[in-house]
Amino acid sequence: MMKRLSWAALAALFVGSSACQSGEEIKRQKYITEGILLYQTNCANCHQKDGKGLEALYPPIAGSEYLSKPDSIIHIIRHGQQGPIVVNGKRYNRPMPPQTHLSNLEIAEIVSYINAEWGQKDLFVDVKYVDRVLGKQ
Ligand code: HEC
């Protein structure tokens, strides 16, 4: 009897947590889907579709150490980036123009996408996070 009860309790726990996860997961998937399109329109010209960058001109996003610093990426997207930087051991020094036409939500979608594709798979940056970093629009 004890055993049956505890299995039931476990099952209830499992169902509870997976239902909760899937709500968050659906939201994450939505961000990623929007992020793909936004990346292709706004970033792929320079960083390329495969995220590998372009020779010495544009640094890679795929595997970039910046992916583990979402706050920096959020700032770079909104404000651009100038001056020499090192990405994956290589030097780059060309200005990235600010992307001021992108909303906080769009930035969140792009950051979620590039992380899911090339960085920390489970890092999910939502619009509230971007609001905290850049200020609410
Ligand atoms: C006009 C070309 C151009 C566009 C468009 C552009 N970038 Fe960049 N990006 C650059 C350059 C050049 C640098 C390096 C800047 C430097 O040398 O200081 C850079 C640097 C970066 C970095 C930091 C270094 C790295 O590779 O991890 C990130 C992250 C980044 N860009 C993301 C983006 C995202 C996301 C978009 C789209 C919203 C975007 N960029 C659009 C040219 C561009």
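Quick caveat, the model's predicted, so the values are computed rather than measured. (Residues numbered from 1 in each chain as written. Predicted model: local features only at pLDDT ≥ 70, side-chain atom pairs only at ≥ 80, totals over all residues.)

Caption draft 1: Region of the structure containing the overall build of the protein chain. Along the backbone of the protein chain there are five helices and two strands. Helices and strands in the protein chain line up, N terminus first, as α-α-α-β-β-α-α. Within the span of the protein chain, comprising 137 residues, buried residues form 21% of the whole. (Helix = DSSP H or I, 4+ residues; strand = E, 2+ residues; numbered from the N terminus. Buried ≥ 20, exposed ≤ 12 C-beta atoms within 10 Å, placed from the backbone.)

Caption draft 2: Quick look at the nonpolar core. Core analysis: the largest hydrophobic core is formed by 18 residues, its most contacted members being Tyr-39, Ile-74, Ile-107, Ala-108, Ile-110, Val-111 and Ile-114. Counting only elements with at least two residues in this core, the list comes to helix H1 (2-42), helix H3 (70-79) and helix H4 (104-118). At six residues, H4 tops the list of elements feeding residues into this core. The residues contacting Tyr-39, other than those within four sequence positions of it, are Ala-44, Ile-110, Tyr-113 and Ile-114. (Core = buried A, V, L, I, M, F, W, Y, C linked by C-beta atoms within 7 Å. Contact = placed C-beta atoms within 7 Å.)

Caption draft 3: Seen up close, the environment of Gly-35. Here Gly-35 is to be found in helix H1. Assessed through the 24 C-beta atoms surrounding it within 10 Å, Gly-35 is described here as buried. Between the C-alpha atom of Gly-35 and that of Ala-108, which follows or precedes it by 73 residues, the distance is 8.1 Å. Beyond its immediate chain neighbours, meaning those up to four positions away, Gly-35 contacts Glu-109, Ile-110, Ser-112 and Tyr-113.

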